[in-house]
Amino acid sequence: RQQEEAGPIGSVGQFRRSPSPALVQPLSLATSPLSPALPPFPVLLSLPAAVADLFLASSLFSPALPVVAGFVDADVSCCRCSLPHFPVLNSASSSSGSHVLMDLSSLLQALIPSWNSAYLLLGFFAYLAIAGSIVLGKLVPGVVLADGTRLHYRCNGLVLLLLLVALLGISAKMDFVSPTAISERGFELLSTTFIFSFLVTLALYFAGCKSQSKSSSLKPHTTGNLIHDWWFGIQLNPQFMGIDLKFLFVRAGMMGWLLINLSVLAKSIQDGTLSKSMILFQIFCALYILDYFVHEEYMTSTWDIIAERLGFMLVFGDLVWIPFTFSIQGWWLLANEVELTMTTIIANCLVFLIGYMVFRGANKQKHVFKKNPKAPIWGKPPKVIGGKLLASGYWGIARHCNYLGDLLLALSFSLPCGISSPVPYFYPIYLLILLIWRERRDESRCAKKYKEIWTEYRKLVPWRILPYVY
């Protein structure tokens with residue numbers, strides 16, 4: 001239970017792996033961890049449900065804001081990014097207001113979905129569905145559900161990813177596809193994926209309402225609030241033609257992130273603007289994503305897989321938020337030149353390595369402890385408080401030590417962009433706000449659940465995230 005309430009969130013699922021109080025409570029702003037514009041301010045908690053729902057609906061557009069800001073932040077007149085070139089008014093009589101309107105018009109035009117972007121998206125999901133079902137992989141049992149059943153997950157994501165990248169590379173070499181196809185349709189794909197997420201979750205909502213299943217995976221859970229049920233989902237593990245949709249969408253989001261990055265990299269090479277900053281950013285992200293799929297089985301024990309129902313929150317987060325928000329730095333570097341010194345490069349690498357060591361180490365210790373509570377940690381028998389709470393290894397240094405690894409990794413993705421603009425730092429800033437709020441929420445829940453055991457754990461491990469600081 002400690003792992004469910006205070007376990008890893010990671011860049012992979014920083015908003016997803018959240019025990020949602022809205023599963024048993026009316027929808028309110030405080031229960032939505034998606035948008036950085038939705039902090040748990042006390043005044044928001046008192047809003048009527050209808051007003052909260054309006055704020056929630058407006059938050060759906062939040063992922064586009066940093067992407068738009070990243071483009072606007074660049075020098076539009078010489079922008080190298082893949083979006084349509086904005087018209088520049090050279091006439092002395094042209095007003096800045098007209099310029100802004102024309103820029104806005106071009107931006108809105110770029111957001112219009114196209115059939116090409118729809119074909120790209122559907123082809124991607126067809127590959128994941130078909131290849132994911134036939135490619136061999138380790139069959140990992142999921143947790144035991146309330147009715148005593150358990151799902152099994154074929155963890156072949158690493159093979160699927162490497163195979164997909166190889167196929168795309170060969171196709172690009174033979175001129176069957178363009179390596180810049182994704183980067184040239186950035187906003188198109190963003191809006192197309194958003195619409196796809198909306199339609200899929202509508203289908204999930206209606207299918208869930210009609211379900212007569214009594215199993216834990218497919219039993220419908222409805223509150224009568226249409227927005228709440230659509231947002232948080234009705235069924236725990238809905239399937240389509242035998243494919244677990246929740247696991248499919250998680251995998252799609254991570255692969256989509258890498259594919260966007262690789263297309264942005266190809267665009268920078270094509271334009272002759274490849275820099276050390278771009279290379280560093282690409283390496284950090286690629287290593288992180290590859291590591292995720294190497295340890296894909298760890299995902300089967302996370303909160304969103306075992307407890308969160310599949311609704312718009314998870315689908316939107318997996319398919320829109322992760323790939324399009326986490327790749328902001330790459331889009332920004334397409335339009336901005338950043339020169340890094342060797343000292344800066346070394347420092348950036350150290351931040352990434354330390355963040356990775358803490359993030360992966362803490363998650364691995366937690367995963368091993370859940371499988372075998374007596375397994376040694378750092379060569380010593382684990383110290384367990386009240387027979388439930390791990391207080392050894394990283395978990396004996398800080399109560400939410402994995403959050404520190406998260407934040408350092410997020411920072412390492414942005415540091416190659418320099419400090420000339422806050423836009424590339426949207427993700428680490430957002431994550432910092434989110435994790436501090438989540439840490440406070442987890443502390444409150446654990447205190448109520450474990451009572452004196454949690455008090456003892458706090459005395460033994462006084463630091464929340466960063467030792468001697470917080």
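The notes below deal with the structure included here. Fair warning: this is a prediction, and the values are worked out from it, not measured in the lab. (Residues numbered from 1 in each chain as written. Predicted model: local features only at pLDDT ≥ 70, side-chain atom pairs only at ≥ 80, totals over all residues. Heavy atoms only, no water.)

As a further point, take the overall build of the protein chain. Within the protein chain, the secondary structure is distributed over 18 helices and six strands. Within the protein chain, contacts between residues separated by at least 24 positions form 77% of all contacts whose residues are at least 6 apart in sequence. Element-wise, carbon and sulfur atoms account for 68% of the exposed surface of the protein chain, whose accessible area totals about 20900 Å². (Helix = DSSP H or I, 4+ residues; strand = E, 2+ residues; numbered from the N terminus. Contact = heavy atoms within 4.5 Å. Areas by Shrake-Rupley, 256 points an atom, 1.4 Å probe, with all protein chains shown as cover.)

Another aspect to go through is the side chain of Glu-296. Mapping Glu-296 onto the fold places it in the loop between α11 (276-294) and α12 (303-306). A relative accessible area of 1% places Glu-296 in the buried class. Here Gly-157 takes part through its backbone nitrogen, which lies 2.9 Å from a polar atom of the side chain of Glu-296. Aside from chain neighbours lying at most four places away, what touches Glu-296 is Cys-155, Asn-156, Gly-157, Phe-247 and Arg-251. (Buried < 20%, exposed > 50% of the residue type's maximum accessible area, 1.4 Å probe, protein only. Polar contact = N/O pair within 3.5 Å; in protein donor to acceptor, adjacent residues only side chain to side chain.)

What follows is about the packing of helix α17 (residues 426-450) against helix α18 (residues 452-460). Packing of α17 against α18 brings their axes to within 6 Å, and their N-to-C directions diverge by 125°. Judged on the interaxial angle alone, α18 and α17 are oblique. Counting all contacts with α17, which are made through Glu-443, Cys-446, Ala-447 and Tyr-450, the residues of α18 involved are Glu-452, Ile-453, Trp-454 and Arg-458. (Axes fitted to C-alpha atoms, helices over the stretch in contact; angles between N-to-C directions. Parallel < 35°, antiparallel > 145°, perpendicular 65-115°, else oblique.)

So, about the packing of α11 against helix α15 (residues 342-371). Between α11 and α15, the shortest axis-to-axis distance is 12 Å and the interhelical angle comes to 10°. If you check the angle between α11 and α15, you find them roughly parallel. Taking contact as the criterion, the partners of Lys-276, Leu-280, Phe-284, Leu-287, Tyr-288 and Asp-291 in α11 are, on α15, Ile-345, Asn-348, Cys-349, Phe-352, Tyr-356, Phe-359 and Arg-360.

Quick look at the layout of surface pockets now. Size it by volume and the largest pocket reaches roughly 790 Å³. Surrounding the largest pocket, 31 residues form its lining, Leu-120, Phe-124, Leu-168, Ile-182 and Leu-259 being those nearest its centre. The dominant element in the lining of the largest pocket, judged by the number of residues it contributes, is helix α10 (residues 245-271), at nine residues. Of the residues belonging to the lining of the largest pocket, the class tally is 23 nonpolar, seven polar and one charged. (1 Å grid on protein atoms, 1.4 Å probe; cavity = no way out; pocket = protein on both sides within 12 Å on 5 of 7 lines; lining within 4 Å. Points joined across faces, edges and corners; volume = space filled by probe spheres on them. Nonpolar A, V, L, I, M, F, W, Y, C, P; charged D, E, K, R; others polar.)

Two measures describe an aromatic ring pair: the distance that separates the ring centres and the angle between the ring planes. Tallying each qualifying case throughout the model produces 28 aromatic pairs. Note on Phe-312 and Phe-316: the rings are 5.2 Å apart at their centroids and 20° apart in plane angle, and the pair reads as stacked. Note that Phe-312 and Phe-316 are positioned in helix α13 (residues 312-325) at a spacing of four residues, about one turn of the helix. Summarising the aromatic geometry, the rings of Phe-326 and Tyr-427 are spaced 4.4 Å apart at their centres and angled 35° between planes, so their arrangement reads as tilted. Of this pair, Phe-326 sits in the loop between α13 and α14 (328-335) while Tyr-427 is found in helix α17, placing the two residues 101 residues apart along the sequence. For Phe-326, a relative accessible area of 1% puts it in the buried group. You can call Tyr-427 buried: its relative accessible area is 1%. (Phe/Tyr/Trp six-rings, centres within 6.5 Å; stacked < 30°, edge-to-face > 60°.)

This part takes up α11. With 19 residues, α11 extends 27 Å between its outermost C-alpha atoms, agreeing within 8% with the 27 Å of an ideal straight helix rising 1.5 Å per residue. Taken together, the buried positions of α11 are Ser-277, Met-278, Leu-280, Phe-281, Gln-282, Phe-284, Cys-285, Tyr-288, Ile-289, Asp-291, Tyr-292 and Phe-293. Of the surrounding elements, those touching the buried residues of α11 are α7 (157-173), α10, α14, α15 and α16 (401-414). (Expected span 1.5 Å × (residues − 1).)

As a further point, take the pattern of salt bridges. Per the counting criterion, the structure on display carries eight salt bridges. Residue Arg-251 pairs with Glu-296 through a salt bridge whose shortest N-O separation is 3.0 Å. Taken together, the positions of Arg-251 in helix α10 and Glu-296 in the loop between α11 and α12 put the pair 45 residues apart, joining distant regions of the chain. Judged on exposure class, the residue Arg-251 and its partner Glu-296 are both buried. Across the salt bridge formed by Arg-441 and Asp-442, the nearest N and O atoms sit 3.1 Å from each other. Just as Arg-441 is buried, Asp-442 falls in that class too. Each member of the salt-bridge network shares a partner with another, and the members are Glu-439, Arg-440 and Arg-464. (Salt bridge = Lys/Arg side-chain N within 4 Å of Asp/Glu carboxyl O.)

Turning our eyes to something else, we now look at a nonpolar patch on the surface. A contiguous nonpolar surface patch, about 480 Å² in accessible area, is contributed by Leu-168, Ile-170, Met-174, Phe-176 and Val-177. Relative to the assigned elements, Phe-176 resides in the loop between α7 and α8 (186-210). (Patch = residues over 30% accessible without salt bridge, like charges linked within 9 Å, V, L, I, M, F, W, Y side chains within 5 Å.)

Once that is clear, we can look at the nonpolar core. In this structure, Phe-125, Phe-249, Met-254, Trp-257, Tyr-288, Ile-289 and Phe-413 are the most contacted members of the largest nonpolar core, which totals 93 residues. Broken down by element, this core gets its largest block of residues, 13 residues, from α10. Judged by nonpolar contacts, the second largest core, of 18 residues, contains Val-358, Cys-401, Cys-446 and Tyr-450. (Core = buried A, V, L, I, M, F, W, Y, C linked by side-chain atoms within 4.5 Å.)

Such coordinate-based values are descriptive only and should not be taken to indicate function.
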